[in-house]
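Residue-level structural notes
Listed below, chain by chain, are the residues.
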Amino acid sequence: MLVFILPILFATFVSGTTYITTNPHMNTPVFEERPLSQQLEMVDLLDLSDRPRRQAVPNTYNSASKFLLEVYNEINEDQEPQEVLHQRHKRSLDDDILISAEDRQEIASCNSILTFSSSQKQDLNNELDLHVTFNTNDVPMELSLMHAILRIYKEPSTEERSNNLTVSIYRRLYRSQDAPYRILHSVNTTAQFKGWLEFNFTQTLRAWLLNKNIQQRHELRISIGDSQLSALGAGLVPPQGSRSNLEPFIVGYFSGPELLVKIQKLRFKRELQKRKVGAPMRLPPPPAFKPPHSCERLNFTVDFKQLHLHNDVIAPNKFEAYFCGGGCNFPLGNKMNATNHAIVQTLMHLKQPHLPKPCCVPTVLGSITILRHINEDIFDLTKYQKAVAKECGCH
């Protein structure tokens, strides 16, 4: 039932858009130019409209955003030519923003991925250690954390010491500056190792999300087992003001509510707004729409720049929210992808017109992937599975 909700909504929100049909000889749908309310309906449905509009171009140069850009590009690889894929994979290797096999398993099993960028905190009491902070505010409450990873990039050590090193992560137990630290995880590495060190961060991130504090950031201390070797001397890359693509970041894999739940929340919110305002506003009549004679796929374009959301949504710039329209009339042609049942039902309708004809519905469904900012430190990639009509047919 859920897989047909978006195509049905697209068929409802059809004004203010451009229709593209695959048959050049067919009469194009008739519609009136109206405001962008139908595109805004879709943006509201995808949870992209509640936050204030961002005035500046988003920063996509740090490791947290670049990782999600790589994930976004890999998810949408089937839409890219081979030469683009080759350049993208080469850049991924050069930048050391790699997606591991474990990442791909998590990506396949979740519908939201959030990355958290880091900032450096100076600690004069212990200059050997690296202190980093994270902001976990503004994460939607309906998201449920499945798995999280802390990633720290290591360059070859600049000091000649023992080849074997231990990198340990400590968490401050309380908000107080003089509160003690508790060790979370340790990873053994070598002085000449170059690449990402990974720490399971699921329990810690879950605790942070349950204890939000707008005034303060969460702090970690990163230490080297050798008491005479600093974290920087060991090659650990700290957060940088210029936003390096090798700075520490957290990846969180989340599961979220189904689209049907979001639709119900949207309806509930609108009912509350109507009660506050009083009498509901009279909306203009829907535009005249003449569907094509035979079943086919039509376009419904959502353009984030047109909606002034291009500084909030990193990718894509726009997407096609296809829907299926047109009749399933006898005889059913090959391009209608009719099932045998649809053919039988068409013949039954011809003999007994009170019986319904087959319906033009999606036969192959695709997904929508949206990459956006939640705030200056958090990036969100959300997948909406089976939300786009890739092919239409009579069923």
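Residues numbered from 1 in each chain as written. Predicted model: local features only at pLDDT ≥ 70, side-chain atom pairs only at ≥ 80, totals over all residues. Heavy atoms only, no water.

Topic: the state of the cysteines
As used here, a disulfide is simply a covalent bond connecting the sulfur atoms of two cysteines. A complete count under the given rule lists three disulfides for this structure. There is a disulfide in this structure between Cys295 and Cys360, and the S-S distance comes to 2.1 Å. In this structure, the disulfide formed by Cys295 and Cys360 twists by about 70 degrees around the S-S bond and is classed as right-handed. On the criterion of sequence distance, the pair formed by Cys295 in the loop between α7 (259-277) and β9 (296-298) and Cys360 in strand β14 (residues 360-373) is long-range, its members being 65 residues apart. Across the pair, Cys360 and Cys295 agree in class, each one buried. Two residues share a disulfide in this structure: Cys328 and Cys394, whose sulfurs sit 2.2 Å from each other. An S-S torsion of about -95 degrees defines the bridge between Cys328 and Cys394 as left-handed. Linking Cys328 in the loop between β13 (323-325) and α8 (340-351) with Cys394 in strand β15 (residues 378-394), this pair joins segments that are 66 residues apart in sequence. Its relative accessible area of 1% is what places Cys328 among the buried residues. A residue is classified by how much of its surface remains accessible, and Cys394, at 0% relative accessible area, is buried. Along the chain, the cysteines engaged in disulfide bonds are linked according to the scheme 1-4, 2-5, 3-6 when indexed in sequence order. (Disulfide = S-S within 2.5 Å. Helix = DSSP H or I, 4+ residues; strand = E, 2+ residues; numbered from the N terminus. Buried < 20%, exposed > 50% of the residue type's maximum accessible area, 1.4 Å probe, protein only.)

Description of the pairing of strand β2 (residues 130-134)
Burial runs high along β2: five of the five residues are buried. As judged from the five bridges shared by β2 and strand β7 (residues 218-224), these two strands associate in the antiparallel manner. Paired with Thr133 across the two strands is Glu219, which belongs to β7. (Pairing = 2+ DSSP bridges.)

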